[in-house]
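Structural description and commentary
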Amino acid sequence: MAHLGGTASAEIEAPIEQVWALVEDVLIAPQWQGGLVALTPLERDEDGRPTLVESESDIKVRHVKTQVRFSYEPPTRLTWTQEKGDLKSVDGSWQLEDLGGGRTRATYTLDGDPGRVLGLAIRGPVEAAARAMLVNARPGELKERIEQG
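This section reports on the structure supplied with the text.

Conventions adopted
Residues numbered from 1 in each chain as written. Predicted model: local features only at pLDDT ≥ 70, side-chain atom pairs only at ≥ 80, totals over all residues. Heavy atoms only, no water. Helix = DSSP H or I, 4+ residues; strand = E, 2+ residues; numbered from the N terminus. Buried < 20%, exposed > 50% of the residue type's maximum accessible area, 1.4 Å probe, protein only. Contact = heavy atoms within 4.5 Å. Areas by Shrake-Rupley, 256 points an atom, 1.4 Å probe, with all protein chains shown as cover. Phe/Tyr/Trp six-rings, centres within 6.5 Å; stacked < 30°, edge-to-face > 60°. Polar contact = N/O pair within 3.5 Å; in protein donor to acceptor, adjacent residues only side chain to side chain. Pairing = 2+ DSSP bridges. Arc of directions from axis to C-beta. Core = buried A, V, L, I, M, F, W, Y, C linked by side-chain atoms within 4.5 Å. Salt bridge = Lys/Arg side-chain N within 4 Å of Asp/Glu carboxyl O. Axes fitted to C-alpha atoms, helices over the stretch in contact; angles between N-to-C directions. Left-handed = near helix turned anticlockwise from the far one by under 90°. Nonpolar A, V, L, I, M, F, W, Y, C, P; charged D, E, K, R; others polar.

**Observations regarding the overall build of the protein chain**
- Along its length, the protein chain carries 4 helices and 7 strands.
- In the protein chain, the succession of α and β elements from N to C terminus is β-α-β-β-β-β-β-β-α-α-α.
- Evaluated residue by residue, the protein chain yields a buried proportion of 43% over its 149 residues.
- Here the analysis covers contacts within the protein chain between residues at least 6 apart in sequence; of these, 53% occur between residues at least 24 apart.
- As presented, the protein chain carries roughly 7300 Å² of accessible surface, and 47% of it is formed by carbon and sulfur atoms.

Okay, structure coming up:
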């Protein structure tokens, strides 16, 4: 059965507060994260940050919609978990580590179960391509967005 998940990291030439500001601004993620088509806020916390969003992603074989709930732990951790949607389950996080000298290590983790039907379509090379786009590329995309503006 297919599994969409893994962990990837990158070192970014920027202070943790600058990296956190981009990670925390979840609604603009489709501008810099490949495969992420749209995020629509459904609920917000007392600080105005989206806590429940509807997400649409292109996972190579089709677009999937999920509702995910975000949890913010500034300036080091953003987590999310699916509450309902096309996938059986999905959990993810950004973990930021201050390396000193204005550098930050960003680690992206995703654990997704596409379920039986979708899992049958996501196997072999398609599974590897989806993982490369949805997991492995994320820290590099964050690094590029921060370092190149």
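Now that the structure has been shown, the text picks up again.
**Considerations on the packing of aromatic side chains**
- By the definition in use, this model includes 5 aromatic pairs.
- Seen from their ring centres, Phe70 and Trp80 are 6.0 Å apart, and the 55° between their planes marks the pair as tilted. Of the two residues, Phe70 is situated in strand β4 (residues 63-73) and Trp80 in strand β5 (residues 77-85); the sequence distance between them amounts to 10 residues. Accessibility assignment for this pair places Phe70 and Trp80 in one class, buried.
- Three or more aromatic residues joined by ring pairs make a cluster, and in this case those are Trp32, Phe70, Tyr72, Trp80, Trp94 and Tyr108.

**Some remarks on the environment of Gln31**
- By the element assignment, Gln31 lies in the loop between α1 (16-24) and β2 (36-44).
- Spatially, the C-alpha atoms of Gln31 and Arg145 are 9.5 Å apart, while their sequence positions differ by 114 residues.
- One polar contact links Gln31 to Arg145, side chain to side chain, over a distance of 3.2 Å.

**So, the pairing of β4**
- Inspection of the sheet shows strand β3 (residues 50-58) paired to β4 by 7 bridges, in the antiparallel sense. Within the sheet, the bridge partner assigned to Val53 lies in β4 and is Val68.
- The pairing of β4 with β5 spans 8 bridges and is antiparallel. Among the inter-strand pairings, Val68 is bridged to a residue of β5, identified as Gln82.

**Brief notes about helix α4 (residues 138-148)**
- Taken together, the buried positions of α4 are occupied by Arg138, Pro139, Glu141, Leu142 and Ile146. On an axial view of α4, the arc spanned by its buried residues comes to 160°, and they lie on one face.
- Among the residues trailing α4, Gly149 stands out with phi positive, at a value near 80°.

**Describing the nonpolar core**
- Counting 29 residues, the largest nonpolar core has Val19, Val23, Phe70, Leu78, Trp80, Trp94 and Leu142 as the members making the most contacts within it.
- Where this core is concerned, the elements lending two or more residues are α1, β2, β4, β5, β6 (89-100), β7 (103-113) and α4.
- With residues near it in sequence (within four places) discarded, Trp80 still touches Val68, Arg69, Phe70, Val90, Asp91, Gly92, Ser93, Trp94, Tyr108, Thr109 and Leu110.

**Considering the pattern of salt bridges**
- Under the defined criterion, the tally for this structure stands at 11 salt bridges.
- Residues Arg49 and Asp47 are paired through a salt bridge, measuring 3.7 Å at the closest nitrogen-oxygen approach.
- Looking at Arg49, the relative accessible area reads 16%, which means it is buried.
- Since its relative accessible area comes to 56%, Asp47 is described here as exposed.
- Taken together, the salt bridges that share partners define one network made up of Glu11, Glu13, Glu97, Arg103 and Arg105.

**Topic: the packing of α1 against α4**
- Their axes nearest at 11 Å, the elements α1 and α4 cross at an angle of 120°. As for the relative orientation of α1 and α4, their crossing is right-handed in sense. Across from Gln18, Val19, Leu22 and Val23 in α1, the residues of α4 making contact are Leu142, Arg145 and Ile146.
- Along the lines of polarity and charge, the residues of the contact of α1 with α4 split into 5 nonpolar, 1 polar and 1 charged.

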